[in-house]
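This is what each chain is made of:
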Amino acid sequence: MLTRPHATAEAGLGTTVLGVLGLVLLPIALVGLLLSGGGLVWGILAGLAALAVLVAYIDPFGR
C-alpha cells in the first residue's frame, strides 16, 4: 500500500519509438550529407536524429 505505483508503459514506448525513428533517419541523413556535400538541411536532420537516439538511450520518462 505504501509502494510507488508503477510507471505507465506509454512514456517508455514513446521514447522507444523516438529512438527507432532516429536510428532509421540517421543513416539516411548521413548518406544525404555525403551525396550533397554538406547540405544544411541534411545536417539538421542528422543532428535531430542523433538527439532522438540520445533521448531514447537516456529514457528520462522510464523508471
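As a reminder, the structure under discussion sits directly above these lines.
As the structure is a prediction and not an experimental result, all values here were calculated from the model.

Asks: Explain the overall build of the chain to me, and be specific about the residues and the numbers.
Replies: Along the backbone of the chain there are 2 helices and 0 strands. Out of the 63 residues belonging to the chain, those deemed buried represent 13%.

Asks: Please provide a residue-by-residue account of helix 2 (residues 40-58), values included.
Replies: Along its 19 residues, helix 2 runs 27 Å from first to last C-alpha, staying within 8% of the 27 Å computed at 1.5 Å per residue. Of all the positions in helix 2, only A46, A49 and A52 are classed as buried. Considered in projection along helix 2, the buried side chains sweep an arc of 120° and stay on one side of the axis. The exposed set on the far side of helix 2, more than 90 degrees from its buried face, consists of L40 and I58. Downstream of helix 2 by one or two residues, D59 has phi in the positive range, about 50°.

The rules we used
Residues numbered from 1 in each chain as written. Predicted model: local features only at pLDDT ≥ 70, side-chain atom pairs only at ≥ 80, totals over all residues. Heavy atoms only, no water. Helix = DSSP H or I, 4+ residues; strand = E, 2+ residues; numbered from the N terminus. Buried < 20%, exposed > 50% of the residue type's maximum accessible area, 1.4 Å probe, protein only. Expected span 1.5 Å × (residues − 1). Arc of directions from axis to C-beta.

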